[in-house]
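The chain contents come next:
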Amino acid sequence: MPSTPSAGAPAAPQPARRGPELLAPAGTRAMMDSAFAFGADAVYAGQPRYSLRVRNNDFGNMSVLAEARQAARELGKQFYLVSNIFPHNTKVRTYLADMEPVIEMAPDALIMADPGLIAMVREKWPQMPVHLSVQSNTVNYAAVKFWKSVGISRVILSRELSLDEVAEIRQECPDMELEVFVHGALCIAYSGRCLLSGYFNRRDPNQGTCTNSCRWDYKVHPENESADGRPESKVWLLEEKERPGELMPIEEDEHGTYIMNSRDLRAIEHVQRLVEIGVDSLKIEGRTKSPYYAARACQAYRRAIDDAVAGRPFDATLLSDLEGLANRGYTDGFYQRHHDAEYQNYLKGHSESERSLYVGDATAFDAERGLMQVEVKNRFAVGDRLEIIHPAGNRVLVLERMENKAGEPVTVAPGNGHIMWLPLPPDCQGAYIARLL
């Protein structure tokens with residue numbers, strides 16, 4: 001394990017930065033490296049036992065965690081450790097002892113939600129900055145002021161706020177760091193406080209083991225049908241794909257029904273307003289996502305932030321850049337409640353142009369053959385328009401030829417697991433490759 005400064009040691013000098021921090025997920029070391037390469041200022045990583053991240057991840061290994069934290073420090077980047085579980089008593093008893101070696105690594109902040117754990121950390125390690133997790137559902141300036149009074153240095157605001165509400169909180173709390181989500185999955189429950197996964201699989205979302213039950217494939221059936229197949233009542237039943245015959249009634253109140261899948265958040269068109277408001281950090285959600293996801297999202301939001309800071313207008317092509325990422329359809333969430341038809345058409349039109357699909361990684365250049373080795377992720381073929389996505393800049397080309405692993409000319413890369421050789425220049429090594437649809 002590399003040597004690391006003790007808790008409380010001064011962090012490496014940070015380069016001057018204008019505008020909000022771009023904060024990206026780091027579920028793996030590769031994802032962290034990708035996020036930093038494509039423009040993130042900071043990453044957050046979940047310690048499996050005490051966060052809402054996937055339990056089995058790279059950062060359950062203390063050596064990997066220490067190396068990642070040191071790598072971020074050497075780049076002048078920020079590394080936040082997520083510790084936002086709502087623990088039952090057994091985890092409270094082990095928490096401080098388990099956190100000792102983590103605090104010795106001196107993460108730039110802990111992201112926390114539970115008031116009891118926060119109090120324990122503030123008492124034992126008062127020098128450790130604590131950011132309040134979105135799980136704490138902070139929706140007003142009075143709550144922000146309360147958390148400041150108990151030593152919290154940053155509040156991650158609830159996703160359920162509008163832009164005007166965020167602006168009012170900034171106005172009332174000028175000396176508190178504020179963070180908001182701008183991209184990623186949305187929960188059907190209030191800021192992630194959901195019980196569906198616990199109900200179906202006895203895997204508690206609030207203990208870090210959500211199975212995304214809201215995103216399963218459901219079919220709707222009428223409770224009663226007449227002889228001609230028409231429903232006789234207004235009661236409808238849901239059937240999940242992997243549970244045939246288990247019919248669940250849709251129970252609805254004045255707010256609606258909850259066994260539904262939310263669209264994903266994409267608020268890149270609001271970055272300029274968030275910069276003007278003075279939000280300190282713009283956060284990308286990315287649980288169980290890939291390094292490609294981190295690269296593409298960071299690249300787009302980096303450009304949006306830089307344009308906003310420089311006073312340049314929003315570049316609508318960024319909307320289509322994000323269409324190539326895994327998503328369930330996009331929404332800007334609660335930031336703007338009512339869009340006029342002209343604005344909706346504007347967003348829809350740009351989103352559907354130049355959509356793309358992630359198809360491979362450029363891993364090694366063979367100078368003798370003048371070909372780049374590509375690890376295939378999805379099908380592509382000779383004649384396709386490919387986008388080469390690289391930290392130094394993207395380019396688009398038409399694939400004119402390629403060879404398989406044995407060096408034989410082929411016209412199709414069938415799919416994941418294959419190795420292909422493409423005529424790409426050497427400076428494309430390390431790039432992600434997408435097929436324009």
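Everything in this summary refers to the structure shown in the same document. Since the structure is predicted, the reported quantities are computational estimates derived from the model, not experimental observations. (Residues numbered from 1 in each chain as written. Predicted model: local features only at pLDDT ≥ 70, side-chain atom pairs only at ≥ 80, totals over all residues. Heavy atoms only, no water.)

Here we take up empty space enclosed by the protein. Inspection of the entire model under this criterion finds two cavities of 30 Å³ or more. Estimates place the volume of the largest cavity at around 70 Å³. Counting residues per element, the ones that place at least two in the lining of the largest cavity are helix 8 (271–277) and helix 9 (291–310). Broken down by element, the lining of the largest cavity gets its largest block of residues, three residues, from helix 9. When its residues are assigned to classes, the lining of the largest cavity shows six nonpolar, one polar and four charged. Counted as a void, the second largest cavity has a volume near 40 Å³. Surrounding the second largest cavity, Arg159, Phe181, Leu186, Leu265, Asp332, Gly333, Phe334 and Tyr335 form its lining. Partitioned by chemical class, the residues of the lining of the second largest cavity number five nonpolar, one polar and two charged. (1 Å grid on protein atoms, 1.4 Å probe; cavity = no way out; pocket = protein on both sides within 12 Å on 5 of 7 lines; lining within 4 Å. Points joined across faces, edges and corners; volume = space filled by probe spheres on them. Helix = DSSP H or I, 4+ residues; strand = E, 2+ residues; numbered from the N terminus. Nonpolar A, V, L, I, M, F, W, Y, C, P; charged D, E, K, R; others polar.)

Our focus in this paragraph is the packing of helix 5 (residues 141–149) against helix 6 (residues 163–172). Between helix 5 and helix 6, whose axes approach to 9 Å, the crossing angle comes to 45°. Comparing their axes, helix 6 and helix 5 come out oblique. Judged by the sense of rotation from one axis to the other, the crossing of helix 5 with helix 6 is right-handed. Mapping the contact onto sequence places Tyr141, Val144 and Lys145 in helix 5 and Glu168, Ile169 and Glu172 in helix 6. Class assignment of the residues belonging to the contact of helix 5 with helix 6 gives a composition of three nonpolar, no polar and three charged. (Axes fitted to C-alpha atoms, helices over the stretch in contact; angles between N-to-C directions. Parallel < 35°, antiparallel > 145°, perpendicular 65-115°, else oblique. Left-handed = near helix turned anticlockwise from the far one by under 90°. Contact = heavy atoms within 4.5 Å.)

Every other side chain in a regular strand lies on the same face of the sheet, so the side chains alternate between the two faces. The pairing of strand 14 (residues 356–366) with strand 15 (residues 371–376) spans six bridges and is antiparallel. Among the inter-strand pairings, Ala362 is bridged to a residue of strand 15, identified as Val374. A loop of four residues connects strand 14 with strand 15, the two strands running antiparallel in sequence, and Gly370 in this loop sits at a positive phi of about 70°. Bridge count for strand 15 against strand 22 (residues 419–422) is four bridges, and the pairing is antiparallel. Bridging across to strand 22, Gln373 finds its partner in Trp421. (Pairing = 2+ DSSP bridges.)

Below, the discussion takes up helix 1 (residues 29–37). Along an α-helix, residues three or four apart share an orientation, since each turn contains 3.6 residues. Within the sequence span of helix 1, burial applies to Met31, Met32, Ser34, Ala35 and Phe36. Note on helix 1: the residue one or two positions beyond its end, Gly39, has a positive phi of about 115°. (Buried < 20%, exposed > 50% of the residue type's maximum accessible area, 1.4 Å probe, protein only.)

Next up on the list: the packing of aromatic side chains. Here the distance between the centres and the angle between the planes together describe a pair of aromatic rings. Taken as a whole, this structure holds seven aromatic pairs when the rule is applied. Measuring from centroid to centroid gives 5.6 Å for Tyr292 and Tyr432, while their planes differ by 70°, and the two rings are edge-to-face. Taken together, the positions of Tyr292 in helix 9 and Tyr432 in strand 23 (residues 432–436) put the pair 140 residues apart, joining distant regions of the chain. The burial state of Tyr292 is the same as that of Tyr432; both residues are buried. Taken together, a centroid distance of 6.1 Å and an interplanar angle of 75° make the contact between Tyr358 and Tyr432 edge-to-face. A residue pair is termed long-range when its members are at least 10 positions apart, and Tyr358 in strand 14 and Tyr432 in strand 23 qualify at 74 residues. An aromatic cluster of three or more residues is present, and its members are Phe38, Tyr292, Tyr358 and Tyr432. Here the basic side chain of Lys283 rests over the ring of Tyr44, its NZ or CZ set 4.4 Å away from the ring centre. The ring of Tyr293 carries Lys289 above its face, with NZ or CZ at 5.2 Å from the centroid. (Phe/Tyr/Trp six-rings, centres within 6.5 Å; stacked < 30°, edge-to-face > 60°. Lys NZ or Arg CZ within 6 Å of the ring centre and 35° of its normal.)

As a rule of thumb, nonpolar side chains are buried together in soluble globular proteins. The biggest cluster of nonpolar side chains holds 90 residues, and the ones touching the most others in it are Phe79, Leu110, Leu157, Val180 and Ile268. Of the residues forming this core, the biggest block, eleven residues, is contributed by helix 9. Not counting residues within four places of it along the chain, the set of residues in contact with Leu157 comprises Val134, Thr138, Val144, Val166, Ile169, Leu178, Glu179 and Val180. (Core = buried A, V, L, I, M, F, W, Y, C linked by side-chain atoms within 4.5 Å.)

As summarised here, the arrangement of the eight strands in space is 18-17-23-14-15-22-19-20, forming an open sheet in which the pairing is antiparallel. Every other strand in the sheet has two partners, leaving strand 18 (395–398) and strand 20 (409–410) as the edge strands with one partner each. Here two bridges tie strand 19 (residues 402–404) to strand 20, and the two strands are oriented antiparallel to one another. Bridging across to strand 20, Met402 finds its partner in Val410.

Moving on, we come to the environment of Asn416. Relative to the assigned elements, Asn416 resides in the loop between strand 21 (412–413) and strand 22. Along the sequence, Asn416 and Arg379 sit 37 residues apart, while their C-alpha atoms lie 7.4 Å from each other.

Going residue by residue along strand 4 (residues 109–112), you find Ala109 and Ile111 tucked away on one face and Leu110 and Met112 tucked away on the opposite face as well. Bridge analysis of strand 3 (residues 78–83) against strand 4 gives four bridges, and the strand direction is parallel. Across the sheet, residue Val82 finds its bridge partner in strand 4, namely Ile111. As for the winding sense of the linkage, the β-α-β connection from strand 3 through helix 3 (residues 89–104) to strand 4 is right-handed. With three bridges connecting them, strand 4 and strand 5 (residues 130–132) associate as parallel partners. (Right-handed = clockwise from strand over helix to strand, strands pointing away.)

To continue, consider the pattern of salt bridges. One pass over the full model with this rule turns up 25 salt bridges. Its salt-bridge partner being Asp280, residue Arg170 comes within 2.6 Å of it at the nearest N-O pair. With a gap of 110 residues between them, Arg170 in helix 6 and Asp280 in the loop between helix 8 and strand 12 (281–284) connect regions that are remote in the sequence. Residue Asp280 is classed as partly exposed on the basis of its relative accessible area of 27%. Among the salt bridges present, the one from Arg312 reaches Asp307, with a minimum N-O distance of 2.7 Å. Overall, Arg312 belongs to the partly exposed group, its relative accessible area being 42%. In this structure Asp307 comes out as buried when scored by relative accessible area, which is 14%. One network of salt bridges, with partners in common, ties together Glu21, Arg154, Glu177, Glu179 and Lys283. (Salt bridge = Lys/Arg side-chain N within 4 Å of Asp/Glu carboxyl O.)

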